[in-house]
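Survey of secondary and tertiary structure
What follows is each chain in one-letter form.
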Amino acid sequence: MDSFLSLGLSEWLVKQCKQLGINKPTPVQENCVPAILEGRDCMGCAKTGSGKTAAFVLPVLQKLSEDPYGIFCLVLTPTRELAYQIAEQFRVLGKPLGLRDCIIVGGMDMVTQALELSNQPHVVVATPGRLADHIRSSNTFSMSKIKFLILDEADRLLEQGCTDFTKDLEGILEILPAKRQTLLFSATLTDTLHELKNIAMNKPFFWESKSETRTVEELDQRYILTPEKVKDAYLIHLIQKFTDEHDDWSLIIFTNTCKNCQILTMMLREFNFPTISLHSMMKQKQRFANLAKFKASVYKILIATDVAARGLDIPTVQVVINHNTPGLPKIYIHRVGRTARAGRNGVSITLVTQYDIHLVHSIEEKIQTKLKEYPVEEKEVHKILTQVNVTRRECEIVRLPLFFTFQFQLKKNSKIYLQIIEPELTAKRKAELEKIKSQKKKFKQKIQENIQRQKHRQLKKKLTKRKQMKRKKAAQETA
Ligand SMILES: Nc1ncnc2c1ncn2[C@@H]1O[C@H](COP(=O)(O)OP(=O)(O)OP(=O)(O)O)[C@@H](O)[C@H]1O
């Protein structure tokens, strides 16, 4: 089967696909679209960048065109940025239908959202927390007639990680009709299969891409073994190398905390790399603005926490660097999946310290692929080591606290501020500042002493010269 028409989609939809360069169905689309059109629940597990979004958007649009009403479909997704991306796919592919969509995510104005919900959009794309808030606080919309519930990144929505969606999901499921189609998609669906089967109720069609590996062949997966203290120098070296060699490449660097994300961004900017960040402590508008600038290649380097690990589809991303080795193989799979999408090539490099070797082993076991060592010229890294470490220290103790106080208008003793800066860092900062001050003082003293000594020497020289001249003159006179 090599055309969308033969999957049961209408001509207008196939035409829309063509306009987006979507000509031939990918395996996940080829298998899931007919099952969804038949009215079955569906669970689709396919590698990152393999077109899972269109695999659910297309059949929903087909069904919507046959019987258009609002609210027809609800899509839930774990991150706000992903919600906008999915809504965009619905909007572009559903343009001939005059599709009305509505995005319900945290960090944006609730009143505007409530108004949009009450206008009965065809499709609602939401993050669970904010939608649950709307369900609790307003009765101006109804989801009792929805035909489709879609859980994108379904395993993330159902796992009890640092953001636990399960309570909000329960609240949402309560207001949805039992008679509906439920569609679940993710690149790592099988890990939470049991919980997912409880949500998809009428004997779901289950499809998983048959492949021994969990990552795509086009991805060149590398690692660099580095002591913790030299990690940043390797990072700077890598970025320098990639930006020197390929001026059209974009890079995503993943790190584990918002604080680290901010420090690395400041550090890279000190080295004049066009860098922008994305993490959950930023204001939502800033998050969207930064992502838009990165997508438009205004900034070529994005430093992000795992808030950007799933789903984001940015074709220019050629390199993913893991500044920390992910603790879970599935996080690794999603992070490196931000490159080598839709058949394109890409490189991922994971910085591995002596403490992370066991994590690499479990990643390799899960993805059924051995990471290869990335060759680095150690000499080049050592050349920049001191400069990199001094810059990081400066960012940590001076720039970061300033950034959080001014950018977020946090009071210096507020809980959130202390959470970011950490008490021991505040003490460390004080001690370091004292040290720098006294070093500066000593340095100044030394310079002063040197100048004095030099002046003294010059004066002495002058005096001796004068004495010699006098003596010479006296000698001439007596002669
Ligand atoms: N049939 C197709 N032919 C060519 N390109 C396609 C096809 N279907 C989707 N694409 C494109 O492939 C890219 C990746 O698709 P998508 O974002 O849906 O991947 P995904 O499987 O959801 O990945 P992830 O697991 O990372 O979320 C998108 O840019 C999309 O437009």
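The protein chain is annotated in an unreviewed UniProt entry as Probable ATP-dependent RNA helicase DDX49 from Channa argus. In UniProt, the protein chain has this text filed under Subcellular location (unreviewed entry): "Nucleus, Nucleolus". The Sequence similarities (unreviewed entry) comment attached to the protein chain in UniProt states, word for word, "Belongs to the DEAD box helicase family. DDX49/DBP8 subfamily."

1. Things to note about the overall build of the protein chain
Scanning the protein chain from N- to C-terminus turns up 17 helices and 14 strands. Here the C-alpha atoms of the protein chain give a radius of gyration of 30 Å, more than 25% beyond the 23 Å that 2.2 N^0.38 yields for 479 residues. A principal-axis box enclosing the C-alpha atoms of the protein chain has dimensions of 125 × 45 × 40 Å. Here the protein chain, with 479 residues, has 50% of them falling under the buried criterion. A fraction of 75% describes how many contacts in the protein chain between residues 6 or more apart in sequence connect residues 24 or more apart.

2. Some thoughts on the side chain of Thr-48
Among the structural elements, Thr-48 can be located in the loop between strand S1 (42–45) and helix H3 (52–66). Residue class for Thr-48 comes out buried when judged on its relative accessible area of 8%. The residues contacting Thr-48, other than those within four sequence positions of it, are Ala-187, Val-216, Ile-333, His-334, Gly-337, Arg-338 and Arg-341.

3. Some points on the packing of aromatic side chains
How two aromatic rings sit relative to each other is set out by the distance from centre to centre and by the angle between their planes. Tallying each qualifying case throughout the model produces six aromatic pairs. Arranged with centres 5.5 Å apart and planes meeting at 45°, the rings of Phe-56 and Phe-185 form a pair that is tilted. With Phe-56 in helix H3 and Phe-185 in strand S6 (residues 181–186), the pair connects residues that are 129 residues apart, well separated along the chain. The exposure classification of Phe-56 matches that of Phe-185, with both residues buried. For the pair Tyr-84 and Phe-288, a centre-to-centre distance of 4.4 Å together with 55° between the ring planes defines the contact as tilted. Of this pair, Tyr-84 sits in helix H4 (residues 80–93) while Phe-288 sits in helix H12 (residues 284–295), placing them 204 residues apart in sequence.

4. Some thoughts on the domain arrangement of the protein chain
Examined at the domain level, the protein chain breaks down into domain 1 (5–208) and domain 2 (219–407). Here the C-alpha centre of domain 2 lies 30 Å away from the C-alpha centre of domain 1. With both chains or domains summed, domain 1 and domain 2 bury close to 1,700 Å², and 56% of this area falls on carbon and sulfur atoms. Of all residues in domain 1, Thr-48, Glu-81 and Gln-85 give up the largest surface area on contact with domain 2, accounting jointly for 35% of the area buried on that side. Connecting domain 1 to domain 2 are five salt bridges. Glu-159 serves as the salt-bridge partner of Lys-330, at 3.0 Å between the closest nitrogen and oxygen. Contributions of two or more residues to the side of domain 1 that touches domain 2 are made by H4 and helix H7 (154–158). Ranked by residues supplied to the side of domain 1 that touches domain 2, first place goes to H4 with five residues.

5. Quick word on the sheet that holds strand S3 (residues 101–104)
Read across the open sheet, the seven strands follow the order S3-S4-S2-S5-S6-S1-S7; overall the sheet is parallel. Each edge of the open sheet is held by one strand with a lone partner, namely S3 and strand S7 (205–208). Averaged over all neighbouring strand pairs, the angle between strand axes comes to 10°, with direction disregarded. Inspection of the sheet shows S1 paired to S7 by four bridges, in the parallel sense.

6. With respect to the UniProt feature "domain: Helicase C-terminal" (unreviewed entry) in the protein chain
In the numbering adopted here, UniProt assigns the feature "domain: Helicase C-terminal" (unreviewed entry) to residues 218–382. Annotated as 39% helix and 21% strand, the span residues 218–382 places its first and last C-alpha atoms 32 Å apart.

7. Topic: the sheet that holds strand S8 (residues 219–225)
Across the sheet, which stays open at both edges, the seven strands sit in the order S10-S11-S9-S12-S13-S8-S14 with parallel pairing between neighbours. Sheet topology places strand S10 (275–278) and strand S14 (372–373) at the edges, where each strand pairs with a single neighbour. Bridge count between S8 and strand S13 (residues 346–352): seven bridges; the pairing is parallel. Each residue of the ladder has a partner; that of Gln-221, found in S13, is Ser-348. Sheet strands in contact with H12 are strand S9 (250–254), S10, strand S11 (301–304) and strand S12 (317–322), and its direction is about 135° off that of S10.

8. Quick notes on the site of the ligand
The full set close to the ligand counts 21 residues, and Lys-24, Lys-52, Thr-53, Asp-313 and Arg-341 are the nearest of them. Between the ligand and Ser-50, the relevant distance is 3.1 Å, taken from an oxygen atom to a main-chain nitrogen or oxygen of the residue. Within the side chain of Glu-153, an N or O atom sits 3.4 Å from an oxygen atom of the ligand. For the ligand, the protein covers 87% of the area, taking 630 Å² as the surface of the free molecule. Grouping the amino acids of the shell around the ligand by side-chain chemistry returns four nonpolar, ten polar and seven charged. Split by domain, the shell around the ligand shows at least three residues from each of two domains, domain 1 (5–208) and domain 2 (219–407).

9. With respect to a nonpolar patch on the surface
A surface patch of nonpolar side chains, amounting to about 280 Å² of accessible area, comprises Phe-443, Ile-447 and Ile-451. Looking at where Ile-447 falls in the secondary structure, it is placed in helix H17 (residues 423–478).

10. What to know about the packing of helix H2 (residues 27–37) against H3
Contact geometry of H2 with H3 gives a least axis separation of 9 Å together with a crossing angle of 30°. By the angle class used here, H2 and H3 are roughly parallel. Taken as a pair, H2 and H3 cross one another with a handedness that is right-handed. Mapping the contact onto sequence places Val-28, Gln-29, Val-33, Ile-36 and Leu-37 in H2 and Lys-52, Ala-54, Ala-55, Phe-56, Pro-59, Gln-62 and Lys-63 in H3.

11. Points about the pattern of salt bridges
As enumerated under the stated definition, the model contains 20 salt bridges in all. Of the charged contacts, one joins Arg-287 and Glu-81 as a salt bridge, the two residues approaching to 2.8 Å between their closest N and O atoms. One end of the pair, Arg-287, is in helix H12; the other, Glu-81, is in helix H4, and 206 residues separate them in sequence. On the basis of relative accessibility, which here comes to 4%, the residue Arg-287 falls in the buried class. Put simply, Asp-155 and Arg-310 hold a salt bridge, and the shortest N to O gap is 3.0 Å. One end of the pair, Asp-155, is in helix H7; the other, Arg-310, is in the loop between S11 and S12, with 155 residues separating them in the sequence. Neither residue differs from the other here; Asp-155 and Arg-310 are each classed as buried.

Reading the values: rules and limits
In every chain, residue numbers begin from 1 and rise along the written sequence. Confidence filtering applies because this is a predicted model: local features only for residues at pLDDT of at least 70, side-chain atom pairs given and counted only at 80 or more, and all residues used for totals across whole chains, interfaces and linings. Excluding hydrogens and water, the side-chain figures rest on all heavy atoms present in the structure. UniProt positions are given in the numbering used here, feature names are shortened, and annotations may be inferred rather than shown by experiment. Secondary structure elements follow DSSP: runs of H or I of four or more residues count as helices, runs of E of two or more count as strands, with numbering from the N terminus. With C-alpha atoms as the basis for the radius of gyration, the globule rule is written as 2.2 Å multiplied by the number of residues raised to the power 0.38. Exposed residues in this analysis have more than 50% of their type's maximum accessible area, buried residues have under 20%, and partly exposed residues fall in between, with area computed by a 1.4 Å probe over protein chains only. Contacts between residues were defined by any pair of non-hydrogen atoms, one from each residue, lying within 4.5 Å. Each aromatic pair joins two rings of Phe, Tyr and Trp (for Trp, the six-membered one) with centres within 6.5 Å, and gets the label stacked for planes under 30 degrees apart, edge-to-face for over 60, and tilted for any other angle. An automatic or database domain assignment supplies the start and end points of every domain. Computed with a 1.4 Å rolling probe, the buried area is the accessible surface lost when two parts are put together, summed over both parts. Counted as salt bridges are all cases of a side-chain nitrogen of Lys or Arg within 4 Å of a carboxyl oxygen of Asp or Glu. By definition, two strands form a pair when at least two bridges between them are found by DSSP. Between N-to-C directions, angles span 0 to 180 degrees; the directions come from axes that are lines fitted to C-alpha atoms, helices contributing only their stretch in contact. In this text, near means that some heavy atom of the residue lies within 4 Å of the molecule or strand in question. In protein, a polar contact means a hydrogen-donor-capable atom and an acceptor-capable atom, both N or O and within 3.5 Å, with residues adjacent in sequence counting only if both atoms are side-chain atoms; elsewhere, any N or O pair within 3.5 Å suffices. Each accessible area is a Shrake-Rupley result for a 1.4 Å probe, and residues are judged covered by the shown protein chains and nothing else. Classification convention: Asp, Glu, Lys, Arg as charged; Ala, Val, Leu, Ile, Met, Phe, Trp, Tyr, Cys, Pro as nonpolar; all other residues, Gly among them, as polar. Residues with no salt bridge and a relative accessible area higher than 30% make up the patches, which join like charges within 9 Å and nonpolar side chains (Val, Leu, Ile, Met, Phe, Trp, Tyr) within 5 Å. Oblique is the label for any angle not under 35 degrees, not over 145, and not in the 65 to 115 range, which are roughly parallel, roughly antiparallel and roughly perpendicular in turn. Note: crossing handedness is left-handed where the near helix turns anticlockwise from the far helix by less than a right angle, and right-handed where it turns clockwise.

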